[in-house]
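# Coordinates in review
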Amino acid sequence: MKILVLNCGSSSIKYALYNMDDKSVMTSGGAERVGLDGAFVKVKLPNGEKKTVMHDIPEHTEGVKFIFSLLTDPEIGVIKDLNEIDAVGHRMVHGGEKFNKSVVLTDEVLKTFEECIDLAPLHNPANLKGVKAVSELMPGLPQVGVFDTAFHQTMPAHSYLYAIPYELYEKYGVRRYGFHGTSHRYVSKRVCDFLGVNPADKKVITCHIGNGGSIAAVDGGKCVDTSMGLTPLEGLMMGTRSGDIDGGAITFLEKKLCLDADGMSNLLNKKSGVLGITGISSDMREIESANDEGNERAKLALDMYSYRIKKYVGAYAAAMGGCDIIVFTAGVGENQASMREDVCKNMEYMGVKLDVEKNKTIRGEEAIISTPDSKVTVCVIPTDEELMIATDTMNLL
Ligand SMILES: Nc1ncnc2c1ncn2[C@@H]1O[C@H](COP(=O)(O)OP(=O)(O)O)[C@@H](O)[C@H]1O
Ligand SMILES: CC(=O)OP(=O)(O)O
Ligand SMILES: [Mg+2]
């Protein structure tokens, strides 16, 4: 069975074609600068070779169409005919309270998903365009939606509600939803398989630290709290997002800078975080190099970044009444040993003892990075949201 996974973002379309017989990736890639000048698609071939193909992509339908044509391209394609694809699985960002698991995308489901557009105006319309483009190109092909928010739907009301007038939750659905749920679900389960323990009696804290970052408290396999909120802005300091900030600072700055809501949203989502503090970049690799060269702001950003993660880990251990396993995942979590070391420093009080030397050697692979006598097992588990989406899609067919 062959399943195509599509992740349609606001200005990008990532894809991966899976052969589910052996769960291998036949090809993968991504279109960037969708809707902008100079759009292109990067393709990764089965032999690991990478190719960049320039192609005008005014909007998502054209992007999906072009990606489909690359799949069957005589030179770089991996299938002869599009009919070889059995189904498409989509990453859908905001499912509100409507979806607590993956679903087959019917007209009715899509209508319900459209009702969540207000909650994620940048993400959801792009997801919908991707679904519609596939329907146009291959009518009748089964499509499945896998929601970022679904795994977090088990949170109790005391962790998902904001302390604002209750009517605003009832009327507008203002509450914590959480994101990266597909990743938190995957790594919280995978770490238990890796360690040979039963998820049902483990308290796990999963740290998804990529360009966007979030932490989840997973008790007995169920999410009980997570750091992102109504939108993917809350919680950790991220590449360009502020994370937690006093609501009072927002109203203060709106007045000082004469910003409207869109202007403020732009400042907090795109100009803040690591980029905002350093003024250099949102990419942690560049910040690490700048720090090595003695840049003070880079050091400050790194300190703020890991301090915020440490605070959430402590908070979630308190929330669950303990912690058995901590997992680091995603671009930064899998690769940046210095961040993991900073987070785990001085955590012996809660039973965390990092194997500092081993931690330094681990990059993008499954590993235990705590010492054998550490009460809490600390692990690196590379995330695989695409495989999760493909697996859900296969299971629903
Ligand atoms: N070797 C590395 N060291 C430190 N950070 C890294 C490394 N490789 C990737 N990253 C970071 O990972 C981020 C991307 O993570 P990823 O999980 O792919 O994010 P997203 O899915 O949110 O785009 C980059 O912004 C970069 O800062
Ligand atoms: C929802 C979200 O924050 O996603 P990403 O980390 O891919 O930006
Ligand atoms: Mg990601």
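Residues numbered from 1 in each chain as written. Chains lettered and ligands numbered in written order. Predicted model: local features only at pLDDT ≥ 70, side-chain atom pairs only at ≥ 80, totals over all residues. Heavy atoms only, no water.

Under an unreviewed UniProt entry, the name given to the chain is Acetate kinase, and the source organism is Xylanibacter rarus. Taken from UniProt, the Catalytic activity (unreviewed entry) comment for the chain reads in full: "acetate + ATP = acetyl phosphate + ADP". (UniProt positions renumbered as here; feature names shortened; annotations may be inferred.)

What follows concerns the UniProt feature "binding site: Mg(2+)" (unreviewed entry) in the chain. UniProt records the feature "binding site: Mg(2+)" (unreviewed entry) at N7 and E385, using the numbering of this structure. These residues run over 379 residues, yet every pair of their C-alpha atoms falls within 10.0 Å of each other. Position of N7 among the secondary structure elements: in strand 1 (residues 2-8). By secondary structure assignment, the location of E385 is in helix 15 (residues 385-396). (Helix = DSSP H or I, 4+ residues; strand = E, 2+ residues; numbered from the N terminus.)

Right, let's talk about the side chain of S159 for a bit. In this fold, S159 is placed in helix 4 (residues 157-160). One polar contact links the side chain of S159 to the main-chain carbonyl oxygen of V224, over a distance of 2.8 Å. (Polar contact = N/O pair within 3.5 Å; in protein donor to acceptor, adjacent residues only side chain to side chain.)

With that out of the way, let us pick up the domain arrangement of the chain. Domain boundaries in the chain define domain 1 (2-147) and domain 2 (195-380). If you average the C-alpha positions of domain 1 and of domain 2, the two centres end up 29 Å apart. (Domains from an automatic or database assignment.)

Taken together, the neighbourhood of ligand 1 is formed by G210, N211, G212, D283, M284, R285, A330, G331, V332, N335, Q336 and R363. Interatomic distance of 2.9 Å between a backbone N/O atom of G331 and an oxygen atom of ligand 1. Separating a nitrogen atom of ligand 1 from a side-chain N or O atom of R363 is a distance of 3.1 Å. The protein chains hide 72% of the 570 Å² of surface that ligand 1 would expose on its own. Of all the secondary structure elements, the ones that give two or more residues to the shell around ligand 1 are helix 10 (284-292) and helix 12 (330-335). It is helix 12 that contributes the most residues to the shell around ligand 1, 4 residues altogether. (Near = heavy atom within 4 Å. Areas by Shrake-Rupley, 256 points an atom, 1.4 Å probe, with all protein chains shown as cover.)

Tallied over the full model, the rule gives 17 salt bridges. Measuring nitrogen to oxygen at the nearest pair gives 3.2 Å for the salt bridge that ties E234 to R176. Of this pair, E234 sits in the loop between strand 11 (222-226) and helix 7 (247-256) while R176 is found in the loop between helix 5 (166-172) and helix 6 (181-195), placing the two residues 58 residues apart along the sequence. Assessed through its relative accessible area of 11%, R176 is described here as buried. (Salt bridge = Lys/Arg side-chain N within 4 Å of Asp/Glu carboxyl O. Buried < 20%, exposed > 50% of the residue type's maximum accessible area, 1.4 Å probe, protein only.)

At C258, a position not held by glycine, the phi torsion is positive, near 50°. Take C258: it is sitting in the loop between helix 7 and helix 8 (261-270). Take C258: its relative accessible area is 71%, and that puts it in the exposed class.

Our next topic: the site of ligand 2. Around ligand 2, the surrounding shell consists of R91, D148, F179, H180, G212, M228, P232 and R241. A distance of 2.7 Å separates an oxygen atom of ligand 2 from a polar atom in the side chain of R241. Here ligand 2 loses 81% of its free accessible area of 260 Å² to cover by the protein chains.

The 6 strands are arranged 11-10-9-12-14-13 in an open sheet whose pairing can be described as mixed. Lying at the two open borders of the sheet, with one neighbouring strand each, are strand 11 and strand 13 (367-368). Two strands pair when backbone bridges link them, and strand 10 (residues 213-219) and strand 11 are joined in this way by 4 bridges, in the antiparallel orientation. Paired with A217 across the bridge in strand 11 is D225. Most of the contacts of helix 11 (residues 296-320) go to strand 9 (residues 203-209), to which it runs at about 160°, and overall it touches strand 9, strand 10, strand 11 and strand 12 (325-329). Helix 13 (residues 337-344) rests against strand 9, strand 12 and strand 14 (377-380) of the sheet, and its axis sits at about 155° to strand 12. (Pairing = 2+ DSSP bridges. Contact = heavy atoms within 4.5 Å. Axes fitted to C-alpha atoms, helices over the stretch in contact; angles between N-to-C directions.)

A separate point is the sheet that holds strand 4 (residues 40-44). In spatial order, the strands read 5-4-3-2-1-6-8-7; together these 8 strands make up an open sheet with mixed pairing. Both outer strands of the open sheet, strand 5 (50-54) and strand 7 (103-104), are each paired with one neighbouring strand and no more. Where strand 7 and strand 8 (residues 143-147) come together, 2 bridges link them in antiparallel fashion. Bridging across to strand 8, V104 finds its partner in V144. Together, strand 1, strand 2 (12-19), strand 3 (24-32), strand 4 and strand 5 form the strand contacts of helix 1 (residues 60-71), whose direction differs from that of strand 2 by roughly 35°.

Take helix 6 next. Across its 15 residues, helix 6 extends 21 Å between first and last C-alpha, which sits within 8% of the 21 Å expected from 1.5 Å per residue. Of the positions making up helix 6, those classed as buried are G181, T182, S183, H184, Y186, V187, S188, V191 and C192. Once helix 6 ends, the next one or two residues include G196, with phi positive near 70°. (Expected span 1.5 Å × (residues − 1).)

The next thing to look at is a nonpolar patch on the surface. The grouping of I164, L168 and Y172 at the surface amounts to a nonpolar patch, some 280 Å² of accessible area in total. By secondary structure assignment, the location of Y172 is in helix 5. The exposed category is assigned to Y172, whose relative accessible area is 53%. (Patch = residues over 30% accessible without salt bridge, like charges linked within 9 Å, V, L, I, M, F, W, Y side chains within 5 Å.)

Here we take up the environment of Y172. Expressed as a C-alpha distance, the spacing of Y172 and D118, which sit 54 residues apart in the sequence, is 9.5 Å. The contacts of Y172, once residues within four sequence positions are left out, are L119 and E167.

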